[in-house]
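Here's the letter readout for the chains.
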Amino acid sequence: MLRTQSPSFRSLVERGSIVRVAGAHDAIGAVLAQNAGFDAVWASSLEVSAARCLPDASVLTMTEYLESAANMQKALHIPVVADCDTGYGGNLNVAHMVLEYEAAGITAVAMEDKLFPKMNSFAAHDHTLLDTEAFAAKIRTAKSVQSTDDFFVIARTEALISGLGVDEALRRCHAYADAGADAVLIHSKLKSREQIEEFLRGWENRRPVVVVPTTYPDWHVDEVERAGVSTVIYANQGLRATITSLRDAYRTIYETGSSVELEGTIAPVSDIFELQQLAAWQKLEA
Ligand code: SPV
Ligand code: MG
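This report concerns the structure included in the present document. On a predicted model such as this, the values are computed, not experimentally measured, just so you know. (Residues numbered from 1 in each chain as written. Chains lettered and ligands numbered in written order. Predicted model: local features only at pLDDT ≥ 70, side-chain atom pairs only at ≥ 80, totals over all residues. Heavy atoms only, no water.)

Considering the pairing of strand β6 (residues 183–186)
Here's step 1: Residues of β6 alternate between two faces, with A183 and L185 on one and V184 and I186 on the opposite face, all of them buried.
Here's step 2: Direction of pairing for strand β5 (residues 152–157) relative to β6: parallel, over a ladder of four bridges. In the strand pairing of β6, I154 is matched with A183.
Here's step 3: Pairing analysis gives three bridges linking β6 to strand β7 (residues 209–211), with the strands arranged parallel. Note that in β7 the partner of I186 across the bridge is V211.
Here's step 4: Crossover connection from β6 via helix α8 (residues 194–203) to parallel β7: handedness right-handed. (Buried < 20%, exposed > 50% of the residue type's maximum accessible area, 1.4 Å probe, protein only. Helix = DSSP H or I, 4+ residues; strand = E, 2+ residues; numbered from the N terminus. Pairing = 2+ DSSP bridges. Right-handed = clockwise from strand over helix to strand, strands pointing away.)

So this is what it looks like as structure tokens:
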């Protein structure tokens with residue numbers, strides 16, 4: 001089959017064991033994450049914008065992010081979780097976003113409580129948050145326009161990113177849960193996961209919690225699960241690996257004057273054909 005239906009992200013969360021998600025920006029990366037065993041793919045705003053050598057700063061439009069997410073979903077039999085930044089504007093933009101993503105077969109979106117236009121969480125920049133009630137209204141809007149019960153809205157707080165502390169993160173996430181968020185995402189840029197663990201203790205599992213352990217990478221998935229996390233997102237390791245790998249490969253070919261040195265380490269062309277499902281396509285010619 002050239003295309004297969006993916007289960008909804010909600011069905012993964014509801015099965016109870018931790019959901020492991022890998023970031024990607026295109027279909028081939030997404031399929032490689034799927035083939036490695038991941039449960040879902042994060043259509044990362046950082047990756048999608050970086051893939052065009054543009055900053056993760058609300059520069060691309062919703063349509064462009066949606067096209068990337070939809071291209072990934074079409075190639076997968078696992079769900080995409082779409083990183084939808086701030087929802088691309090105000091409440092009406094959020095409503096339009098939900099309608100469009102849902103129509104494209106995306107079953108989960110994440111929205112963050114930063115001001116539009118936003119800046120990537122790790123960039124040295126002002127990370128002022130939107131007022132709690134205004135963001136809760138975006139969540140209510142998203143939930144009120146979704147057309148299937150399955151559609152899943154993750155409310156992400158940037159309270160720790162903006163230096164506001166765990167109590168403010170908890171207060172905000174309770175407001176977002178009251179507004180109907182299906183899960184909350186707590187992000188941090190600290191090298192220690194202490195604040196995340198404090199958040200988890202204070203949250204008492206009111207709704208599923210999503211974490212993104214980029215700056216505290218030594219957290220084994222079993223420990224993450226034991227700490228009460230529902231979903232773990234490895235948001236940008238794929239892109240970072242790609243950069244290292246491509247940089248080394250291009251340099252080696254250029255500097256040595258041939259590609260022979262690489263031949264033993266790079267994927268054979270047959271791997272490309274397999275990822276393209278070439279054999280299945282060729283059958284259509286018969
Ligand atoms: C992304 O992958 O785009 C994210 C996570 O939103 S982060 O880059 O850490 O903000
Ligand atoms: Mg992002």
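Some thoughts on helix α4 (residues 62–75)
Here's step 1: Along its 14 residues, α4 runs 20 Å from first to last C-alpha, staying within 8% of the 20 Å computed at 1.5 Å per residue.
Here's step 2: Considered for burial, the residues of α4 that qualify are M62, Y65, L66, S68, A69, A70, M72 and Q73. (Expected span 1.5 Å × (residues − 1).)

Notes on the packing of helix α7 (residues 166–178) against α8
Here's step 1: Between α7 and α8, the least distance of the axes is 10 Å, while the angle of their chain directions is 45 degrees. Considered as vectors, α7 and α8 are oriented oblique to each other. Note on packing geometry: the crossing formed by α7 with α8 is right-handed. Side by side, α7 and α8 meet where V166, A169, L170, C173, H174 and A177 of the first sit next to Q195, E198, F199, G202 and W203 of the second.
Here's step 2: A breakdown of the residues in the contact of α7 with α8 according to their chemical character gives seven nonpolar, three polar and one charged. (Axes fitted to C-alpha atoms, helices over the stretch in contact; angles between N-to-C directions. Parallel < 35°, antiparallel > 145°, perpendicular 65-115°, else oblique. Left-handed = near helix turned anticlockwise from the far one by under 90°. Contact = heavy atoms within 4.5 Å. Nonpolar A, V, L, I, M, F, W, Y, C, P; charged D, E, K, R; others polar.)

Focus: the site of ligand 1
Here's step 1: Inspection of the region around ligand 1 gives W42, S44, S45, L46, D56, D83, N120, S121, F122, R156, H187 and A235 as its neighbouring residues.
Here's step 2: One of the side-chain N or O atoms of H187 is found 2.8 Å from an oxygen atom in ligand 1.
Here's step 3: Isolated, ligand 1 exposes 280 Å² of accessible area, and the fraction of that covered by the protein chains is 100%.
Here's step 4: By residue class, the composition of the shell around ligand 1 is four nonpolar, five polar and three charged. (Near = heavy atom within 4 Å. Polar contact = N/O pair within 3.5 Å; in protein donor to acceptor, adjacent residues only side chain to side chain. Areas by Shrake-Rupley, 256 points an atom, 1.4 Å probe, with all protein chains shown as cover.)

Coordinates in, geometry out; function isn't part of it.
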